[in-house]
Protein chains: 2
Amino acid sequence: MKPNFSLRLRVFNLNCWGIPYLSKHLADRLKRLGDFLNMESFDLALLEEVWSEQDFQYLRQKLSPTYPAAHYFRSGVIGSGLCVFSKHPIQELTQHVYTLNGYPYMIHHGDWFCGKAVGLLVLHLSGLVLNTYVTHLHAEYSRQKDIYLAHRVAQAWELAQFIHHTSKKADVILLCGDLNMHPKDLGCRLLKEWTGLRDAFLETQDFEGSEEGYTMVPKNCYVSQQDLGPFPVGIRIDYVLYKAVSGFYISCKTLKTTTGHDPSGGTPLSDHEALMATLYVRHSPPQPNPSLTHGPAERSPLVSVLREAWTELGLGLVQACWWTTFTGYVISLGLLFLLLLCVLAAGEGAKEAAILLWTPSVGLVLVAGAIYLFHLQETKCFNKARAELQHMLRKAREAQNLGPESPPALHLGQQERDRAEEQ
Amino acid sequence: MKPNFSLRLRVFNLNCWGIPYLSKHLADRLKRLGDFLNMESFDLALLEEVWSEQDFQYLRQKLSPTYPAAHYFRSGVIGSGLCVFSKHPIQELTQHVYTLNGYPYMIHHGDWFCGKAVGLLVLHLSGLVLNTYVTHLHAEYSRQKDIYLAHRVAQAWELAQFIHHTSKKADVILLCGDLNMHPKDLGCRLLKEWTGLRDAFLETQDFEGSEEGYTMVPKNCYVSQQDLGPFPVGIRIDYVLYKAVSGFYISCKTLKTTTGHDPSGGTPLSDHEALMATLYVRHSPPQPNPSLTHGPAERSPLVSVLREAWTELGLGLVQACWWTTFTGYVISLGLLFLLLLCVLAAGEGAKEAAILLWTPSVGLVLVAGAIYLFHLQETKCFNKARAELQHMLRKAREAQNLGPESPPALHLGQQERDRAEEQ
């Protein structure tokens, strides 16, 4: 590879708002999206909320001349809604489905049924290995009383872990998607601190979008205020994040968003704005890892965010335990009530009422049993994530207390580069 | 690192048969297991079927002087049953829960409730990065009519993918566990072909165990023939598999198993035999990848096993689709019946019977709905695995048709080493 090597990467990301029958003007929006993607010919187009596989197949057919490679990430009952179109061949692909993703009985929210996931594509571009991740985390339905906060933090941790463990040989890492988190939210900070990914919006030399940064939802669109959900206009929840390793440097030349219209000035492509980033990858000498080279352990941002996440997941765990205890009581009382009904049915006094109440009571016990099992599993998932966080917290503290030059500091993000240099 | 570098690794693996209250002599067996592990002081002890976290905590306490690092992999309703004890510090850890793992309504088999998973530990030993995986796949309850075959093949594929994507920077890869597959079973071949892992039993220079290889269950043990399950004595389902990359070579010096007794000649430690392997890691020049350097594409073992797995998962998919159709009909008929009951309840003729039948009918529709959703999710998982297999099949064919020397051949296992050489 030549020393003046430079690779340009044009990336498109959009949450498509593609709920069949419910999302407005879906067919028209998908048609215009396809036309736009064909016209622009990005290197990669990463889409979220393409809930229907038929819509993916429509786009695949429409885009196949410009984007010969495409993949739809299937999971859950409905599907993850994630898909990708690439101008370059996809070498490898896999996905990870988040173990915590809301509650099946919150049917009106529906996230549980989607099987929210992160998809990974490995591309080889001009001799570089590019790991591209696309994801969509659990929605935030109320910022004031966010019952899914702990689940979203756990998802952010799983996402960070998946990226960390699957990208060790990648030269460039790219993550696009709808994180459903504000830039300073715990999950977002955890993800960035643990993986070292940088935010295109904060790093770009040239941003073109609305004044407040970019809007999550088009300001001047045909969706009503009610459709906008709890997010005020001007809050970022869609991201392009990136990182280069092993002697490369990546920068965001331009980041452009739609601003309440489709790119040609018509009605919007979705209830989210599209992101269009132009990235450049160049050779660079290895950089020190900023998380590990300054300040004592207790003050480091990584240690602090790991501890914060551990605490937040602890609150989620308490809630999950409360539910297992509550449903446990309901099951016990239900079984006692069933016993009482048996006694009554054997007698004469309230035989008919007892028989009539038998089936609903059995139903109650079964439903409570299912909810009990669900929350028992939830406690296992929280405990699993907390154990991993605790382990890494201990390791991060050890590494930092021993100083940046000592061997244990190697195991947090920096070790690969250092080992490569040693060999 | 010196050219005559050599690392000895002593590994212990056992499926502990640790069902609280049901497994015989559990407390006594765990005590003797702890004593034995302390006495032998292996580098790593990997255990399956430690279903109770209390049992793990008991072992952790007992083993802490010899094995300061330990981890219990939590998942599902019950837990994965996997745990590990290590003489060396664990640098990083994570896990992947299999997306297909039996059926929740097969309560008497119970695998679904366990959340079967693969756990990963990253260790740094004498400057080497060692990725250790421990897993336990879905049980086989009947070899003649194995309704879980497609799920187990899907698990083997997910395991292979997880190892492939998380071990790209590892120098040595080690997989131990109960795969619930015979050595020549499809899932086992798929795993070995895709990851390049080698079987310690076939590779060792010195095997010490029973004559038929090693037995899955002790021949002379206190469990009855009924406890043995469908496996005849002499069938291997527990494995130690390994691989070295990036210029290292690993060999199995000795593989020893228990032979129907505990190592000191007493009653067995479990209903499985323990495996004890002594492995040596040395420097070595890069080896060619045997899967890719001989024969035309159609005859290659990798292409053939990928195609076989794709077909097997297709059969699983047909079965899952049959269930969604069947439960779809049950739901429709149930709803029609409910409508009929409403009409009858409104009239006079069969009012009481209609009211009495209402709740069980609602229950039937709900249960059918839950089973429908479960199998719909199952179809998504099968489709996901098949899409990945199809993608890799296409890539493997492309690579092999273009010959071992051409660039596209690089992306199947060999690419990392070749890239490292180029740079």
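What you see is a predicted model, and the numbers here were worked out from it, not measured in a lab.

Analysis parameters
- For every chain, the first residue of the written sequence is number 1, and numbering continues from 1 onward in sequence order.
- Each chain takes a letter, starting from A, and each ligand takes a number, starting from 1, following the order in which they are written.
- Only residues with pLDDT of at least 70 get local features here, since the model is predicted, and only at 80 or more are side-chain atom pairs given and counted; chain-wide, interface and lining totals rely on the full set of residues.
- Processing note: side-chain calculations cover all non-hydrogen atoms of the structure and skip hydrogens and water entirely.
- Burial classes: relative accessible area under 20% of the type maximum marks a residue as buried, over 50% as exposed, and values in between as partly exposed (1.4 Å probe, protein chains only).
- We count a stretch as a helix when DSSP gives it H or I for four or more residues in a row; a strand needs E for two or more, and each element gets its number in order from the N terminus.
- Pairing between strands requires that DSSP locate at least two bridges from one strand to the other.
- Crossover handedness is defined here as right-handed if the route from the first strand over the helix to the second strand goes clockwise, with the strands pointing away from the viewer.
- Throughout, a contact is declared for two residues whenever any of their heavy atoms are within 4.5 Å.
- Interaxial angle, 0 to 180 degrees, is taken between N-to-C directions of lines fitted to C-alpha atoms, where a helix line uses only the stretch in contact.
- Each copy is superposed on the other by least squares, with the fit set by C-alpha atoms of residues at a pLDDT of at least 70 in both.

Draft legend 1. Representation of the pairing of strand E1 (residues 6–18) of chain A in the model. All names here are of chain A. Extensive coverage of E1 is indicated by the burial of eleven of its 13 residues. As defined by bridge partners, E1 adjoins strand E13 (residues 275–283) across eight bridges and the pair is classed as antiparallel. Note on E13: the bridge partner recorded for Val11 is Ala277. As judged from the six bridges shared by E1 and strand E2 (residues 44–50), these two strands associate in the parallel manner. If you follow Asn15 over to E2, its bridge partner there is Glu48. With helix H1 (residues 26–40) bridging E1 and the parallel E2, this β-α-β connection has right-handed handedness.

Draft legend 2. Summary view of the sheet that holds strand E1 (residues 6–18) of chain B. All names here are of chain B. Strand order in the open sheet formed by seven strands is E3-E4-E2-E1-E13-E12-E10, and the pairing between neighbours is mixed. Bordering the open sheet on either side are strand E3 (69–73) and strand E10 (207–208), each of which pairs with just one other strand. Taken strand by strand, helix H1 (residues 26–40) contacts E1, strand E2 (44–50) and strand E13 (275–283), and its axis lies near 175° from that of E1.

Draft legend 3. Layout of the relation of the copies chain A and chain B. Superposing chain A onto chain B takes a rotation of 180° plus a shift of 0.0 Å along the axis, which leaves an RMSD of 0.0 Å. In symmetry terms, the pair is related by a two-fold rotation axis. Using C-alpha coordinates, one finds that chain A approaches the rotation axis most closely at Thr166(A), a distance of 2.3 Å. Comparing interface residues between copies, 100% of those in chain A also sit at the interface in chain B, which points to an isologous, same-surface contact.

Draft legend 4. Spotlight on the pairing of E3(B). All names here are of chain B. Counting buried positions over the five residues of E3 gives five, a clear majority of the element. Covered by surrounding structure in E3 are Ala69, His71 and Phe73 together with Ala70 and Tyr72, the residues of both alternating faces. Note that E3 and strand E4 (residues 82–86) share five bridges and pair antiparallel. In the sheet register, Ala69 faces E4, and the bridge partner there is Ser86.

Draft legend 5. Layout of the sheet that holds strand E8 (residues 172–178) of chain A. All names here are of chain A. Strand order across the open sheet formed by six strands is E5-E6-E7-E8-E11-E9, with mixed pairing between neighbours. Pairing within the sheet leaves two strands with one partner each, and these edge strands are strand E5 (90–97) and strand E9 (198–199). Two strands pair when backbone bridges link them, and strand E6 (residues 117–125) and strand E7 (residues 128–136) are joined in this way by eight bridges, in the antiparallel orientation. If you follow Val122 over to E7, its bridge partner there is Asn131.

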